[in-house]
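Remarks on the overall topology
Read off the chains here:
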Amino acid sequence: MPNDYDKAVYPEPPRQTPAVDKQTALPNPALILTKLFYYTVDLPVTTFRDTIDSIRSKNKLVYYHQKFRRVPYLTDCQEGDFTCYYEADMQWRRDYKVDQEIVKVIQERMRACQQREGHSYQQNCTKEIQQFNEVTKNFQSRYGDLGAYANAKRCLMKQKERMMAAQAQSA
Amino acid sequence: MVGMSLLRSAAAFAARLGPLKAGNNAANILARTIPRTNKVATRWGHGKKMFVVKPSNFYDRRFLHLLRYYILLTGIPVAVLVTAVNIFIGEAELADIPEGYEPEYWEYYKHPITRWIVRNIYDSPVKDYEKVMAAIQIEKEKGDMRLTQLEVRRQMRHHGDGPWFHVPTPDKALIDNSPKSSPDN
């Protein structure tokens, strides 16, 4: 079966099913329905999956997560060294993708928390909400309005504008 | 006789005026017989074979037949291949890179067909990267050469001693100096 999600990051709320306290002799329809579902749907699907897995287990393939070497940034390139510019741009694009995925993960955590807590999410999920706000604010300030044709040089210019604004504000 | 022919023509005229009206069949008007609806054929055994006149659907059926044929001609083998790959080979699982092992470039993809395409058809991403860097390098060198050419031209024109701005003049030895020996001719 495929790997389950990380239980530490997405904790399950405590189960609230009460202890079985049968007071009638009549059969429990919920129990009948669960057993029916199990035998008609769950068991065939699980056996199908197990047969396919047993066929597949003879040729097991693995894939890896590619790690890229760090190259000099755009600020460390000599002027006119276009190959250095290209490598820095590619590295910036990879980092941009990684940052987008980070934001998605933090957003997913906040959504899971809201789903878990129900109507009392605003007071119970303050950590997730605060983390999400911080991450999105940083992402917006770094990659915010660069648009579809963003590249490393434009992002660097945006950073320069930010630094100039901060300096003007502090001065 | 004349009266009968008059009636017959009148009935035909009435039928022609309103051919779609129910009781206006020419024979019906003339004889005004009531159609007998209580004695109809209740058992449809060998019904009379009718030649139903409708437009031809030969071309439509041929088109759909050919469409299905040509789509399924390659569609079915592809579907069978993809199903067989998914059942018998299956997708790859994510694993950590073992120590000291450099994975091949196709081992970074999940689906076996993607891996096969990347391995056999595409170039490795390192090669693509190097191709782009080589193109950039060639263009940079071209640009640098053009800039140096312009600079050399500027310098030669300025100093006047560069080979590009030499104007060919006739040979010094060809000058006939004899008129200069008698200046006041």
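Cut-offs applied
Residues numbered from 1 in each chain as written. Chains lettered and ligands numbered in written order. Predicted model: local features only at pLDDT ≥ 70, side-chain atom pairs only at ≥ 80, totals over all residues. Heavy atoms only, no water. Domains from an automatic or database assignment. 1 Å grid on protein atoms, 1.4 Å probe; cavity = no way out; pocket = protein on both sides within 12 Å on 5 of 7 lines; lining within 4 Å. Points joined across faces, edges and corners; volume = space filled by probe spheres on them. Helix = DSSP H or I, 4+ residues; strand = E, 2+ residues; numbered from the N terminus. Nonpolar A, V, L, I, M, F, W, Y, C, P; charged D, E, K, R; others polar. Expected span 1.5 Å × (residues − 1). Bend = angle between axes of the 7 residues up to and from the residue. Disulfide = S-S within 2.5 Å. Buried < 20%, exposed > 50% of the residue type's maximum accessible area, 1.4 Å probe, protein only.

Observations regarding the domain arrangement of chain B
In terms of domains, chain B is made up of domain 1 (57-90), domain 2 (91-122) and domain 3 (126-164). The gap between the C-alpha centroids of domain 2 of chain B and domain 3 of chain B is 41 Å.

Overview of the layout of surface pockets
Of the pockets and cavities examined, the largest pocket occupies roughly 1600 Å³. Lining of the largest pocket is provided by 37 residues; of these, Q66, K67, F68, R69 and R94 of chain A occupy positions nearest its centre. At the level of elements, α2 (82-117) of chain A together with α5 (125-159) of chain B are the ones that each hand at least two residues to the lining of the largest pocket. Of the residues forming the lining of the largest pocket, the biggest block, nine residues, is contributed by α2 of chain A. Taken together, the residues of the lining of the largest pocket break down into 18 nonpolar, five polar and 14 charged. The two domains that each donate at least three residues to the lining of the largest pocket are domain 2 (91-122) and domain 3 (126-164) of chain B.

Here's the deal with helix α3 (residues 58-89) of chain B
Residues and elements named next belong to chain B. The end-to-end C-alpha distance of α3 is 45 Å, a good match for the 46 Å that 32 residues give at a rise of 1.5 Å each. Of all the bends in α3, the largest measures some 35° and sits at L72. One or two residues past the end of α3 sits G90, with phi positive at roughly 75°.

Describing the state of the cysteines
Residue and element names in this part refer to chain A. This model, assessed by the stated rule, comprises two disulfides over all chains. Disulfide partner of C77: C84, at an S-S distance of 1.9 Å. Taking the torsion about the sulfur-sulfur bond, which here is approximately -80°, the covalent link between C77 and C84 counts as left-handed. Here C113 connects covalently by a disulfide to C125, the sulfurs 2.1 Å from one another. Judged by the torsion about the S-S bond (-105°), the C113/C125 disulfide is left-handed. Here C113, found in helix α2, pairs with C125, found in the loop between α3 (121-124) and α4 (126-143); they are twelve residues apart in sequence, far enough to count as distant. The two residues C113 and C125 agree in class, both being buried. Considering cysteine sulfurs only, C77 is the nearest to C155, which forms no disulfide, with 15 Å between them. On the basis of relative accessibility, which here comes to 9%, the residue C155 falls in the buried class.

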